[in-house]
Amino acid sequence: MVNVKQIANWFAPKAEKEKDGRDKWPSRTAFVLAAMGGAVGLGNLLRYPSVVFANNGVQWFIPYLIALFFLGIPVLILEISIGQAYRGGVIVAFNGINRYTKGVGLAVIMNGFIVATYYVPILSWVLRYFRSSFTSPLPWTSRGQEFYMRDAIRNVDPIPGNVSDGGGAVTDYTRYPGTGLVGETVGWCAFMWFLVWLCMFRGVGLTGRVVYVTMGLPIIMILILLGRGVSLPNAIDGIRMYFAEWHGEKLASGTIWQAACGQIFFSIGVGFGYFTSYASYNTRFANAVQDAFIIAISNSLYEVLAGFAVFGIIGFLGLRPEDGTELGTFTVGFLTYPLAISEMPGANVWAVFFFFTVAILGLSSAFALIESLVTMICDSDFGRRVSRTIIATGVVAVAFLLSLMYCTEFGFYLLDAMDTWINNLSLIFVVWFEGIVTMTLYRCRDVYGQVGVVAFAVHSSAYVLSMVLGVAVGQAVGPEAGAGVGFGLFVVGSVVAVLLARTPDSLPPRFWSRHAWLSKFWWLSFYSANQLRRDLNSIVAEGNNWSIPFIWGPIVRYVSCPILAIVVSFAYPSFYTKRMDPLHIFGFTVAHAVMLTIAFGFCLPRALDVFVPVDKRHDGSATYAPQVTILGASCGDVAVENGSAGQQQLEPCESERKE
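Residues numbered from 1 in each chain as written. Predicted model: local features only at pLDDT ≥ 70, side-chain atom pairs only at ≥ 80, totals over all residues. Heavy atoms only, no water.

Engineer: Give me the overall build of the protein chain: which residues, what numbers.
Structural biologist: What the protein chain contains, in helices and strands, is 25 helices and 6 strands. Here the protein chain has a C-alpha radius of gyration of 25 Å; the compact-globule value for 659 residues is 26 Å, and the two agree. Summarising its shape, the C-alpha atoms of the protein chain cover approximately 80 × 75 × 50 Å along the three principal directions. Scored against the burial criterion, the 659 residues of the protein chain give a buried share of 58%. The contacts in the protein chain between residues at least 6 apart in sequence include a share of 79% that link residues at least 24 apart. Roughly 25,600 Å² of accessible area belongs to the protein chain as shown, and the carbon and sulfur atoms make up 66% of that amount. The averaged location of the 42 negative side-chain charges in the protein chain is 6 Å from the averaged location of its 43 positive side-chain charges. (Helix = DSSP H or I, 4+ residues; strand = E, 2+ residues; numbered from the N terminus. Rg over C-alpha atoms; globule rule 2.2 N^0.38 Å. Buried < 20%, exposed > 50% of the residue type's maximum accessible area, 1.4 Å probe, protein only. Contact = heavy atoms within 4.5 Å. Areas by Shrake-Rupley, 256 points an atom, 1.4 Å probe, with all protein chains shown as cover. Lys, Arg positive; Asp, Glu negative; His and termini not counted. Charge placed at Lys NZ, Arg CZ, Asp CG, Glu CD.)

Below, the structure written as structure tokens:
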């Protein structure tokens, strides 16, 4: 019995403890690989090539890199830094930002959990292909579409709904005759959920070992697939289409910019909660900013390399976008790639390699998506009294039961509907709100005290409404009109707020302190973001760590948030064409339920205190301390003079200082 326990502890070791008693990663590499496992998934291997195919040419990388550095990395820095600073999952971290923003944290967790429930059924289809890869000849040879829909997914075709001649009313709704469960899909789904549980039931001690396999193998195998893809006959034609053609006229279209922003956003994986949850298990003074750059850039390198492999196959098949060919995420994974593999020498070997790679990539993303909910429960006072194994088992069991919806004879269509509205609506909306609340509500009591509540309310309202009304007018009238309304409303609101503001007695830095008007504007427009940066840097930039740059806050507030507002606005017009489909109505409703949890948190903040341990519930109720650096120390802060204008600076207690 002792030997069995020893073997079990070797396979699934308990995590080491940080000085504050929280579990910690076995190494920095383990954290980075786990975070990369969440980021690198089906979006890199399957979605990326489909998006690039529609916008082919080297000009694609201009909006792609701009989106990476102005959208992906800034939000990733935010999510990792607050998790590490507040030593807790998403709700704990957003409670530290402001006690009224816990609903944002809950919405983030809901996004991740909902996606996990349909992500694993996709992997069930992957495993169905993997099983068939051992049959020679490959069963999808010359019948790719039929094998995909009839043999793998096994869904019954729906009966389309209709609208009136004028398109103004729905005459009948889409019907789905198939309602039963697909046995093999259920079996593979149960198997994948067991693997998810196996990878994370003991916490970061176990996960820190698993990720070496779940990330190491896909890296090796994508290099093998890359070599095979670029060596195919006519592969050079596809690679030239990917990386050696220039179509500068496409940069004048909003389509390529929207596609690049969407790909970076979905590929990195912000808004699902696992970055914040994983970062909370870092050592307190880990190099969060450098980690964020490593994760984001590694994620992009992986999908760019994978693109060469897929475009080699596209060249082999002779596909061109100007011929009317359209590639989707599922098309690449279940039709294009399998079709090409069936025509290669040694087809079975390459099929096994490909589908095993996709399954492992999906597995690492699946247990990351579940982690944010498990961490939320473990952080609560109730969760601290219960074994993590029990909590993980319960969460995985519930997730499996919910995922059975997608294992039915209409599951593919339900999955498509849920994926459409969670990704295109609630996910982007929630991350938009992440940026808004962190850049406007963090330590807003300081702003009240310096310029007044009325001025703060006017300026903040103008900031939010400029995005909301700007994109609404842009959709209804045109982009130029929307931009005019948005910028105009923000400028007018800022001028009115400055006129109503009191003259602050705490001077802002450098340029902004030259005149009272500039000082007021700085307090209204930049203080919260700048102070959050300073407070986070007092932890994540300790020693020789990279610091969050001063430009970070303005980028998130005035670049990332407006971009996200524009992207989310495209979701509503597209719903009009799906309004006769009950599954899309269901997905649309679920997405709005996630969004409404943000309002719930604002209206009833104490209702979510159950997910915040007692010793951290007051983190978001900072005392009035203009421009004083406040660390998120859980053991209590010690005030010392900072030698500047008689102000006090709060430093961590001795037990939490870096040795």
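Engineer: For helix H5 (residues 90-97), give the residues involved together with the corresponding values.
Structural biologist: Across the 8 residues that make up H5, a large majority, 8, are buried. Among the residues of H5, Val90, Ile91, Val92, Ala93, Phe94, Asn95, Gly96 and Ile97 are the ones counted as buried. Taken together, the buried residues of H5 touch helix H4 (61-86), helix H6 (102-132), helix H12 (274-279), helix H15 (347-379), helix H17 (411-440) and helix H22 (527-540).

Engineer: I'd like a rundown of the packing of aromatic side chains, residues and numbers included.
Structural biologist: Aromatic ring pairs are defined here through the distance separating the ring centres and the angle between the ring planes. What the rule picks out here adds up to 59 aromatic pairs. Judged by centre distance (5.2 Å) and plane angle (65 degrees), the ring pair of Phe61 and Phe243 falls under edge-to-face. With Phe61 in helix H4 and Phe243 in helix H10 (residues 235-243), the pair connects residues that are 182 residues apart, well separated along the chain. What makes Phe61 buried here is its relative accessible area of 12%. The ring of Tyr463 carries Arg557 above its face, with NZ or CZ at 4.5 Å from the centroid. (Phe/Tyr/Trp six-rings, centres within 6.5 Å; stacked < 30°, edge-to-face > 60°. Lys NZ or Arg CZ within 6 Å of the ring centre and 35° of its normal.)

Engineer: Which residues make up the environment of Val454, and what values go with them?
Structural biologist: Turning to its location among the elements, Val454 is positioned in helix H19 (residues 453-476). Overall, Val454 belongs to the exposed group, its relative accessible area being 54%. With 43 residues separating them along the chain, Val454 and Ala497 place their C-alpha atoms 7.7 Å apart.

Engineer: Account for the packing of helix H2 (residues 28-39) against helix H13 (residues 288-317), with residues named and values stated.
Structural biologist: When two helices pack together, their arrangement is given by the angle between their axes and by how far apart the axes lie. It is at 10 Å that the axes of H2 and H13 come closest, and there the two elements cross at 45 degrees. For the element pair H2 / H13, the angle class is oblique. H2 and H13 meet at a crossing whose hand is right-handed. Across the interface between the two elements, Arg28, Phe31, Val32, Ala35, Met36 and Ala39 from H2 touch Gln290, Asp291, Ile294, Ile295, Ser298 and Asn299 from H13. Residue composition of the contact of H2 with H13, by class: 7 nonpolar, 3 polar and 2 charged. (Axes fitted to C-alpha atoms, helices over the stretch in contact; angles between N-to-C directions. Parallel < 35°, antiparallel > 145°, perpendicular 65-115°, else oblique. Left-handed = near helix turned anticlockwise from the far one by under 90°. Nonpolar A, V, L, I, M, F, W, Y, C, P; charged D, E, K, R; others polar.)

Engineer: Would you mind going over the nonpolar core in detail, with residue names and values included?
Structural biologist: By size, the foremost hydrophobic cluster in this structure holds 217 residues, and its most contacted members are Trp60, Phe275 and Ile370. Beyond its immediate chain neighbours, meaning those up to four positions away, Ile370 contacts Phe113, Ala116, Trp193, Val196, Met200, Val395 and Ala399. (Core = buried A, V, L, I, M, F, W, Y, C linked by side-chain atoms within 4.5 Å.)

Engineer: How would you summarise the layout of surface pockets if you had to cite specific residues and measurements?
Structural biologist: Over the atoms rolls a probe the size of a water molecule, and in doing so it shows where empty space is left. Estimates place the volume of the largest pocket at around 1,400 Å³. Considering the residues around the largest pocket, the lining is formed by 44 residues, among which Arg47, Phe266, Thr329, Asp419 and Asn424 are closest to the centre. Mapped by element, the contributors of at least two residues to the lining of the largest pocket are H2, helix H3 (42-54), H6, helix H11 (254-268), helix H14 (329-342), H15, H17 and helix H24 (571-575). The class makeup of the residues in the lining of the largest pocket is 20 nonpolar, 19 polar and 5 charged. Here the second largest pocket defines a volume of roughly 880 Å³. As for the second largest pocket, its lining consists of 27 residues, of which Val471, Ala483, Pro562, Ile563 and Ile566 are closest to the centre. Those elements giving two or more residues to the lining of the second largest pocket turn out to be H11, H19, helix H20 (479-500) and helix H23 (552-569). (1 Å grid on protein atoms, 1.4 Å probe; cavity = no way out; pocket = protein on both sides within 12 Å on 5 of 7 lines; lining within 4 Å. Points joined across faces, edges and corners; volume = space filled by probe spheres on them.)

Engineer: Describe the packing of H20 against helix H21 (residues 516-525), listing the residues and the values that go with them.
Structural biologist: Running from amino to carboxyl end, H20 crosses H21 at an angle of 115 degrees, the nearest separation of the two axes being 9 Å. Viewed along their axes, H20 and H21 adopt a mutual orientation that is roughly perpendicular. When you trace H20 past H21, the crossing you get is right-handed. Packed against H20, whose contacting residues are Ser494, Ala497, Val498 and Leu499, the element H21 presents Trp517, Lys520, Phe521 and Leu524 at the interface. The residue inventory of the contact of H20 with H21, partitioned by class, reads 6 nonpolar, 1 polar and 1 charged.

Engineer: How would you summarise the side chain of Ser380 if you had to cite specific residues and measurements?
Structural biologist: You can see Ser380 is positioned in the loop between H15 and helix H16 (388-403). Looking at Ser380, its side chain comes within polar contact range of the main-chain oxygen of Ile377, at 2.6 Å. Those residues in contact with Ser380 that lie beyond four places of it in its chain are Val610 and Phe611. (Polar contact = N/O pair within 3.5 Å; in protein donor to acceptor, adjacent residues only side chain to side chain.)

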